[in-house]
Amino acid sequence: MNGPFTFALALGDDSLIAAQRLAEWTTRAPEMEEDVALANIALDQLGAARLLLTYAGELEGAGRDEDALAYLRDDREFRNCLLVELPNGDFAVTMAKLLVLAAYQVPLYTALAVCPDERLAAIGAKARKESAYHLDHAMLWVKRLGDGTEESHRRMQAGVDQIWPYVDELFTTWPDAPVDPAVLRPGFDDTVTEVLTTATLTVPQVSWTPAGGRDGVHTEHLSYLLAEMQVLHRAHPGARW
Amino acid sequence: MVDPEIRVVTIDDLGILRSVQEDPATGRVVVTITPTYTGCPAMDVIRADIRRALVATGHPDAEVRTVHKPAWSTDWISDAGRAKLAAAGIAPPAPARRDGVVPLTLAVRCPRCGSPETEQISRFGSTACKALWRCRSCAEPFDHVKAL
């Protein structure tokens, strides 16, 4: 597989799987406004996924469109990072995941916006504005919960601790990509350290850093997510509204 | 043509409609549009509405093109569009910042009574482009188009 195709696919899969997970909160968020917020963020992620997967399909040149890539691949063919496929957990886990994802996507899209690939540059310029809102939303919640009650602090720290081993995978070096994610790590560290410190939380020290998503080696959680996401399309191939 | 979600403004007012051009060689009309948000679910309806309007005016072979660059900004909403939004009880956006960072500190005036004593209830609203606010003076809740 060529480099640009896999890169567009990986970023598109990140957004697609994140959207599907966030959508699980619909009708279940702790309050009405949060329900609307998480659905909106999921919609933004889905919008970016559609653009990225459409472009990936064109780069591949095998006639696969966004739907073929989203609905007709099996788990081993997905290139998303493990972070986005992890279960939602409680609200604190979801906010910890959103903080990490947005603090990764904002500088990634910002760097893509000035990369030589015109399509990726256009997508980056568009998506970074939306991701800035996601980052802001996650930061507000992490600060509020971390610096809240004893119980909210305990659960927010537990949420951060739970997902932190999955951070390293996002910044694994990818030398032939339009933007090497490894160069984004210092900026990411600055952003999240500032947020966690303000939230009276501790940046976890991790020794176990699972990876494999970019090579198609996933947790068992992805298979269940895909089964639910793909079942209708696969049961009724070619069906349209 | 009116926007399918905010029906008091046109897609031209919102800056979604980028250009309408006729190819001098073939006579085909090319309409270029751009989405407000990448996931905006109204885009399919907007495309269908444009095609319908073009067919009705004798351009059945017209093309509707979607572009993403330059990225849409609320700065593209026309003055007429802003006035129409405000008249419909939707607070128009403040100028967007160039660096893509979300502006948070600018006061939003109540579109009903004009008071600057307002507060944000929810950062996300009924559509992708709006947030939910409330006026502390007249107690009315209202939509606010987020600066982007």
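In what follows, the structure referred to is the one given above.
The structure presented is a predicted model; accordingly, all values stated were derived computationally and were not measured.

## Re the interface of chain B and chain A
Each side of the interface is counted separately: chain B has 26 residues, and chain A has 22 residues. Buried area between chain B and chain A, summed over both chains or domains, comes out near 2,200 Å², and the portion from carbon and sulfur atoms is 64%. Taken as a group, Thr38, Arg123 and Phe124 of chain B account for 31% of the area that chain B buries against chain A, more than any other trio of residues on that side. The interface formed by chain B and chain A contains one salt bridge. Asp136 of chain A serves as the salt-bridge partner of Arg123 of chain B, at 3.1 Å between the closest nitrogen and oxygen. Viewed at the interface, chain A and chain B are joined by eight residue pairs in polar contact (both at pLDDT 80 or more). Of the residues belonging to the side of chain B that touches chain A, the class tally is twelve nonpolar, nine polar and five charged.

## Section: the side chain of Gln230 of chain A
Residue and element names in this part refer to chain A. With respect to the secondary-structure elements, Gln230 resides in helix H10 (residues 220-235). Of the polar contacts made by the side chain of Gln230, one reaches the backbone oxygen of Arg73; its length is 2.9 Å. Ignoring sequence-local partners within four residues, the contact set of Gln230 consists of Ala70, Tyr71, Leu72, Arg73 and Phe78.

## Section: the nonpolar core
Residue and element names in this part refer to chain A. The biggest cluster of nonpolar side chains holds 80 residues, and the ones touching the most others in it are Leu99, Val142 and Met156. Ranked by residues supplied to this core, first place goes to helix H5 (residues 91-112) with 16 residues. Every residue in contact with Val142, bar those within four places of it in the chain, is listed here: Met95, Leu99, Asp147, Met156, Val195, Leu196, Ala199 and Leu201.

Cut-off values and rules
Residues numbered from 1 in each chain as written. Chains lettered and ligands numbered in written order. Predicted model: local features only at pLDDT ≥ 70, side-chain atom pairs only at ≥ 80, totals over all residues. Heavy atoms only, no water. Contact = heavy atoms within 4.5 Å. Buried area = accessible area lost by both parts, 1.4 Å probe. Salt bridge = Lys/Arg side-chain N within 4 Å of Asp/Glu carboxyl O. Polar contact = N/O pair within 3.5 Å; in protein donor to acceptor, adjacent residues only side chain to side chain. Nonpolar A, V, L, I, M, F, W, Y, C, P; charged D, E, K, R; others polar. Helix = DSSP H or I, 4+ residues; strand = E, 2+ residues; numbered from the N terminus. Core = buried A, V, L, I, M, F, W, Y, C linked by side-chain atoms within 4.5 Å. Buried < 20%, exposed > 50% of the residue type's maximum accessible area, 1.4 Å probe, protein only.

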